[in-house]
Amino acid sequence: MTILVCGGAGYIGSHTVKVLTSEYDVVILDNLTTGYPFLLNDKASFEKGDLGDPAVLDRIFKKHNIDAVFHFAANSLVGESVQNPLKYYKNNVSATITLLDKMVEYGVNKFIFSSTAATYGIPDTDLITEDTATNPINPYGKSKLMIEDILSDVSDVHNLEYVVLRYFNAAGAHESAEIGESHDPETHLIPIVLQHLLGERKQISVFGTDYDTPDGTCVRDYIHVTDLANAHILAYEGLVNKEVANEVFNLGNGAGYSVKEIIEVCEKVSGKSAVIEYADRRTGDPATLVASSKKIEEKLGWKPQFDLEEIIGSAWRWHSKETK
Ligand code: UFG
């Protein structure tokens, strides 16, 4: 079995490749615009190129006998998507249509798609299920929901079976500390706090203290990147074994932590104190996003293995090693 991992050099893609290669052969397709050095081994080969380039996909589908595609390659910054919507519709929607077109042409019929909690917008419930209404409030979330709709339509008429995974807040690093979370620019809370605690940033800003949450700061559901990686493999095997097809699943820990709580756990794990600036709200941040992942637990037996302290501990070990 050979799996094409689009965006396999990026944060979640590279962690999934690491888990996948214990069992499967992998071809990584990445243009390395946001990906960073990743680990190749004798079960992973690399193709540099753009997902939206049909010639690149022709080359890959002719050269390798691909059984399934995992699709991580996307731009994923909410703020940037508001400023530059065409970038998101081009890279996240148009390029994915090219990929699906080529999958249909070459008869590759299994697809695992990385979607997001941003598809829910500002939900009217504290525990989000897959039945919660989708109402994205930014081009990033809309671009992911568009592909979800396209997948549904395509699978009605073509031999394509898919699983959509809506991630909540991915965080943490592989237990080996060989790979971890790194974006440029970094906008995510946990890496920013850890970089600050390592002396790489002067202070951290807490965006908003007047939300309707227990301590006034935003509440999110943080999930270890290895738990996400494992969910992809279960989803793929679920497709192969005909346990699931054309389904959407949430992926979160089911527990919400505020920005203040995250900073406290980072301080505890690192043994250092943070310098905090309390700032205005960041545009587009919902107060609370917490997932019910009951559906994937019931249908695929997935359960998160890592709690918040383990997530932050793994991220700390990787960041500490990187700054040595
Ligand atoms: N935050 C701060 N200070 C910072 C950075 C973040 O207070 O320096 C706050 C944010 O305002 C937010 C929380 O920390 O309340 C988490 O922010 P992140 O940027 O780490 O994550 P988001 O919840 O904004 O984004 C994540 C994914 C997106 C996805 C979104 C769904 O990274 O891809 O969830 O809402 F779209």
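Use the structure listed above.
Reference entry: report on the structure contained in this document. (Residues numbered from 1 in each chain as written. Predicted model: local features only at pLDDT ≥ 70, side-chain atom pairs only at ≥ 80, totals over all residues.)

## Here's the deal with the site of the ligand
The environment of the ligand is formed by 21 residues, the closest being Ala118, His188, Leu189, Phe207 and Cys218. Among the secondary structure elements, those contributing two or more residues to the shell around the ligand are helix H6 (189–197) and strand S8 (204–207). The dominant element in the shell around the ligand, judged by the number of residues it contributes, is S8, at 4 residues. The residue makeup of the shell around the ligand, split by class, is 12 nonpolar, 6 polar and 3 charged. (Near = placed C-beta within 6 Å. Helix = DSSP H or I, 4+ residues; strand = E, 2+ residues; numbered from the N terminus. Nonpolar A, V, L, I, M, F, W, Y, C, P; charged D, E, K, R; others polar.)

## Quick word on the nonpolar core
Core analysis: the largest hydrophobic core is formed by 93 residues, its most contacted members being Val69, Leu165, Leu251 and Cys266. Here this core takes 8 residues from helix H7 (residues 225–240), the largest share from any one element. If you count residues domain by domain, this core takes at least three from each of domain 1 (2–171 + 222–251) and domain 2 (189–220 + 254–320). If sequence neighbours within four positions are ignored, Val69 has contacts with Leu4, Cys6, Leu99, Met103, Val108 and Phe111. (Core = buried A, V, L, I, M, F, W, Y, C linked by C-beta atoms within 7 Å. Buried ≥ 20, exposed ≤ 12 C-beta atoms within 10 Å, placed from the backbone. Domains from an automatic or database assignment. Contact = placed C-beta atoms within 7 Å.)

## Here we look at the packing of helix H1 (residues 11–20) against H7
For the pair H1 and H7, interaxial distance at closest approach is 9 Å and the crossing angle is 60°. Looking at the two axes, H1 sits oblique to H7. As for how H1 packs across H7, the hand of that crossing is right-handed. Across the interface between the two elements, Tyr11, Ile12, His15, Thr16, Val19 and Leu20 from H1 touch Val225, Thr226, Leu228, Ala229, Asn230, His232 and Ile233 from H7. Of the residues belonging to the contact of H1 with H7, the class tally is 8 nonpolar, 5 polar and no charged. (Axes fitted to C-alpha atoms, helices over the stretch in contact; angles between N-to-C directions. Parallel < 35°, antiparallel > 145°, perpendicular 65-115°, else oblique. Left-handed = near helix turned anticlockwise from the far one by under 90°.)

## Some words on the sheet that holds strand S4 (residues 68–71)
The 7 strands are arranged S3-S2-S1-S4-S5-S6-S11 in an open sheet whose pairing can be described as parallel. Of all strands in the sheet, those with a lone pairing partner are strand S3 (44–48) and strand S11 (247–251), marking the two edges. Taken over all neighbouring pairs, the strand axes of this sheet differ in orientation by 20° on average, direction set aside. With 4 bridges joining them, strand S1 (residues 2–6) and S4 adopt parallel strand pairing. (Pairing = 2+ DSSP bridges.)

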